[in-house]
Amino acid sequence: MKKDTLITVLILAGLIAGVILGQILHMGLAEGATVNSIWMDLGDIVLIRPLKLMVIPLVFLSVVVGVTSIGDPSKLGLVGGSTLAYYLATMLLAVILGTALVATIRPGDTLTPEQQVELRSQGEVEYGEQTKIQTASSEAESRGLGGAWFSILEQVIPTNFFKELAQGRTLGVIVFALLLGLALAASGSTGQPAIEVFNSLFQAMMKLVLWILWLTPAGVFFLVTGTVGRIGLESLYGPLGGYMTTVLLGLGIHGLIVLPLILWLLGGTNPYRFMFRMRKALLTAFGTDSSSATLPVTIETAIDEGGCSKRSANFVLPLGATVNMDGTALYEAVAVVFLFQLYGIQLEFAELIIVVITATLAAIGAAGIPSAGLITMVIVIGAVNTSLSGRGVEALPLSAVGVIYGVDRILDMCRTVVNVWGDATGAKIMTRLTGKDDASEDAAVDAG
Ligand code: ASP
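Residues numbered from 1 in each chain as written. Predicted model: local features only at pLDDT ≥ 70, side-chain atom pairs only at ≥ 80, totals over all residues. Heavy atoms only, no water.

**Student:** Hey, could you go over helix 15 (residues 326–342) for me, with residue numbers and the actual values?
**Tutor:** Within an α-helix, residues lying three or four positions from one another point in the same direction, as the helix has 3.6 residues per turn. Helix length check: helix 15 (17 residues) gives 24 Å between terminal C-alpha atoms against 24 Å at 1.5 Å per residue, within 8%. A positive backbone phi angle near 70° is found at Gly344, which sits one or two residues after helix 15. (Helix = DSSP H or I, 4+ residues; strand = E, 2+ residues; numbered from the N terminus. Expected span 1.5 Å × (residues − 1).)

The following block contains the structure:
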């Protein structure tokens, strides 16, 4: 069996075994008990930490290598601009789809009054216990939308590169790497030795990622066991089932129909074949629940198997893992509208538009880590509440987020897959725009 096939089979086996064992553990739990956190801790040690260790150096090297191989600043401007426009447009499409689905299916309105009351009070209790969400929500609330944007701007113009590295803030690292890459490309022969060093370091990082990939099956197994063990698959049939199904339906339509259609039209490639070739990254996204931790695998898979050029993938994928989150945007829209429905607050069309805009912004601001979307959602709720207060309607309490906290991880795993898939489609489309790598750069065979 080829190494790649073997690793995919092992990851899938880890995933399926995790679901089965998790469900068995869940069913064996006494009332009110939760599954031992050792499963998540093991997953963290075995897979998440090694992957995270790769992220910052990889983002830096990858962007420098990508930018130096594009070289020409005007071409870089074209690729950068087109990438951002593509990411923004697909996120908007995702969020419009989510809003339309939740407004049509109305999962919050179709519950019985008793179920609504019960969910709300469970949500209050959950919120009361989760200090992490409380702190994050009060921070997000006090900073508001303007503050959130200001903090993104501050990251785009960092003052200390090493601080950005140490704090793992990818946006600042990308900006510095981009500038350095441009300067090296403009330096002619004096820049060449440094470019070669960065290229060789990048190749070494890719080798490391390939080694870490062998940890994925075990890591995915532990993480999925822990998640399913805590939440249980039957949550899909519980009172939150309608909400969960709406999110999953939206993610399915966006990931399996909308993005493939765009990829086919703009990338001129068979989207499902490309999806199959990206399977290692997509499965890792599902298991780790973090597009940022998956980034090393996404880059490796896109270049080695997906037929993306280095000059496109190296630059487009780190940017995507930081700002492009189609799945999160769609989910935030569905979740917010669902919560308003659950609390009996009717939103008007103008408020749905506010949801569309702020959910897109909140998804851009969300980090590629577990539950980031759940936390930035507070920004969307705040914006809608402001509009409601204008027409004298009661606001949604932020503690409402507690209602969906318990089942979030399963949805998070699915939206992370769509986030990574969205990044990968961007890299494939930009490969067409930037052209193939030079032969000297190990040009990837176009898999299209
Ligand atoms: N877990 C998601 C990601 O890493 C972010 C989120 O929606 O919470 O892409």
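Structure shown, so let's carry the discussion forward.
**Student:** Pulling in residues and values, what's your account of the side chain of Thr99?
**Tutor:** Along the chain, Thr99 falls in helix 3 (residues 73–105). By relative accessible area, Thr99 is classed as buried at 6%. The residues contacting Thr99, other than those within four sequence positions of it, are Ala333, Leu352, Val355 and Val356. (Buried < 20%, exposed > 50% of the residue type's maximum accessible area, 1.4 Å probe, protein only. Contact = heavy atoms within 4.5 Å.)

**Student:** Tell me what's going on with the pattern of salt bridges, and back it up with residues and numbers.
**Tutor:** On inspection of all chains with the given rule, the structure shows 9 salt bridges. We note a salt bridge from Lys280 to Glu305, for which the minimum N-O separation is 2.8 Å. Taken together, the residues Lys280 in helix 12 (residues 279–288) and Glu305 in the loop between helix 13 (291–304) and helix 14 (310–323) connect sequence positions 25 residues apart. A salt bridge links Arg415 to Asp412, with the shortest nitrogen-to-oxygen separation between them at 3.3 Å. Taken as a pair, Arg415 and Asp412 lie in helix 19 (residues 408–434) at a separation of 3 residues, close to a single helical turn. Taking relative accessible area as the criterion, Arg415 reaches 1% and is therefore assigned buried. Note on Asp412: relative accessible area 3%, which makes it buried. A cluster of three or more residues bridged by salt bridges with shared partners is formed by Lys280, Glu300 and Glu305. (Salt bridge = Lys/Arg side-chain N within 4 Å of Asp/Glu carboxyl O.)

**Student:** Lay out the site of the ligand in plain terms, naming residues and giving numbers.
**Tutor:** Looking at the ligand, there are 16 residues lining it, with Ser291, Thr328, Gly373, Asp412 and Arg415 nearest. Take Asp289: an N or O atom from its main chain is 3.1 Å from a nitrogen atom of the ligand. At 3.2 Å from an oxygen atom of the ligand is found a main-chain nitrogen or oxygen belonging to Gly368. With the chains in place, 100% of the 270 Å² that the ligand exposes on its own is no longer accessible. Mapped onto the shell around the ligand, the elements with two or more residues apiece are helix 17 (372–390) and helix 19. Counting residues per element, the shell around the ligand draws most heavily on helix 19, which supplies 4 residues. Grouping the constituent residues of the shell around the ligand by class yields 5 nonpolar, 8 polar and 3 charged. (Near = heavy atom within 4 Å. Polar contact = N/O pair within 3.5 Å; in protein donor to acceptor, adjacent residues only side chain to side chain. Areas by Shrake-Rupley, 256 points an atom, 1.4 Å probe, with all protein chains shown as cover. Nonpolar A, V, L, I, M, F, W, Y, C, P; charged D, E, K, R; others polar.)

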